[in-house]
Amino acid sequence: MSNPLTHFDAQGQAHMVDVSAKAETHRVAVAAGEIRMKPETLALIASGTAKKGDVLGVARIAAIQGAKRCSDLVPLCHPLPITRVAVDFELDEAGSRVRCRAQVETLGRTGVEMEALCAVQVGLLTIYDMCKAADRGMVIAEVRVLEKHGGKSGDWQAVASA
């Protein structure tokens, strides 16, 4: 069986995967995550009265930037010509959390799962940064790829979590 960890060569050395022989296809990845907080912190975000301004507006731009800069942060990640990034936030008052969902697309030789994950993480980190004066105990959790489409391996969808 070949090594499933493609970022290592036969000698066990880390390397960037050669994708030159792969076909260019439309590739899509969706990732999501959440940040849990005090109800009062969620109320600040919802009302738009957080000290630093429009938390979700800034977090959306940060998430898009996170997707675009993924290869600068993850050493063996290919720089990709991203064709679309869509970021949505959902306020969940009952759970006292904000959910983030990012969809990233490209026309290329490798997938955009890492870019979608980076978008979610940077969006959630921005919420933390903008609200930490009110709530240092916020928790970023449940960040994962939900689905991917395109490429030789085709479509994949995560099993729904409980």
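Above: the structure in question.
Small disclaimer: the values here were computed from a predicted structure and weren't measured.

### What about the sheet that holds strand β4 (residues 139–149)?
One open sheet accounts for five strands, arranged β2-β3-β1-β4-β5; its pairing is antiparallel. Two strands in the sheet have a free side with no partner beyond their single neighbour: β2 (82–92) and β5 (156–157). Along the sheet, helix α2 (residues 55–68) contacts β2 and β3 (97–108); its crossing angle with β2, the most-contacted strand, is approximately 145°. Helix α4 (residues 113–131) contacts β1 (25–36), β2, β3 and β4 of the sheet and is inclined by roughly 25° relative to β1.

### Some details on the layout of surface pockets
Each pocket or cavity is described by its volume, and for the largest pocket that value is around 700 Å³. Surrounding the largest pocket, 23 residues form its lining, Thr6, Lys22, Thr110, Gly111 and Glu113 being those nearest its centre. Elements represented by at least two residues in the lining of the largest pocket include exactly β1 and α4. Sort the elements by how many residues they give to the lining of the largest pocket and α4 lands first, with three residues. A class-by-class count of the residues in the lining of the largest pocket yields eight nonpolar, nine polar and six charged.

### Things to note about α2
It helps to recall that an α-helix has 3.6 residues per turn; residues three or four apart then point in one direction. In a regular helix each residue adds 1.5 Å, so 14 residues correspond to 20 Å; α2 covers 20 Å between its end C-alpha atoms and thus fits that length. When we look at burial in α2, the residues that qualify are Val55, Leu56, Ala59, Ala62, Ala63, Gly66 and Ala67. What you see down the axis of α2 is that its buried residues fit within an arc of 140°, all on one side. What points out from α2, more than 90 degrees from its buried face, is the exposed set Ile61 and Lys68.

### A look at the side chain of threonine 110
Mapping threonine 110 onto the fold places it in the loop between β3 and α4. Overall, the relative accessible area of 16% leaves threonine 110 in the buried class.

### As for the pattern of salt bridges
Tallied over the full model, the rule gives eight salt bridges. A salt bridge links glutamate 105 to arginine 84, with the nearest nitrogen and oxygen atoms 3.1 Å apart. Pair noted here: glutamate 105 is in strand β3 and arginine 84 is in strand β2, with a separation of 21 residues, a long-range link. The exposure class assigned to arginine 84 is partly exposed, which follows from its relative accessible area of 40%. Across the pair arginine 97 and aspartate 92 runs a salt bridge whose closest N-O atoms are separated by 2.7 Å. By the burial criterion, arginine 97 is buried, and aspartate 92 matches it. In the salt-bridge network here, residues are joined through shared partners; they are Glu34, Arg36, Glu90, Asp92, Arg97 and Arg99.

Calculation notes
Residues numbered from 1 in each chain as written. Predicted model: local features only at pLDDT ≥ 70, side-chain atom pairs only at ≥ 80, totals over all residues. Heavy atoms only, no water. Pairing = 2+ DSSP bridges. Helix = DSSP H or I, 4+ residues; strand = E, 2+ residues; numbered from the N terminus. Contact = heavy atoms within 4.5 Å. Axes fitted to C-alpha atoms, helices over the stretch in contact; angles between N-to-C directions. 1 Å grid on protein atoms, 1.4 Å probe; cavity = no way out; pocket = protein on both sides within 12 Å on 5 of 7 lines; lining within 4 Å. Points joined across faces, edges and corners; volume = space filled by probe spheres on them. Nonpolar A, V, L, I, M, F, W, Y, C, P; charged D, E, K, R; others polar. Expected span 1.5 Å × (residues − 1). Buried < 20%, exposed > 50% of the residue type's maximum accessible area, 1.4 Å probe, protein only. Arc of directions from axis to C-beta. Salt bridge = Lys/Arg side-chain N within 4 Å of Asp/Glu carboxyl O.

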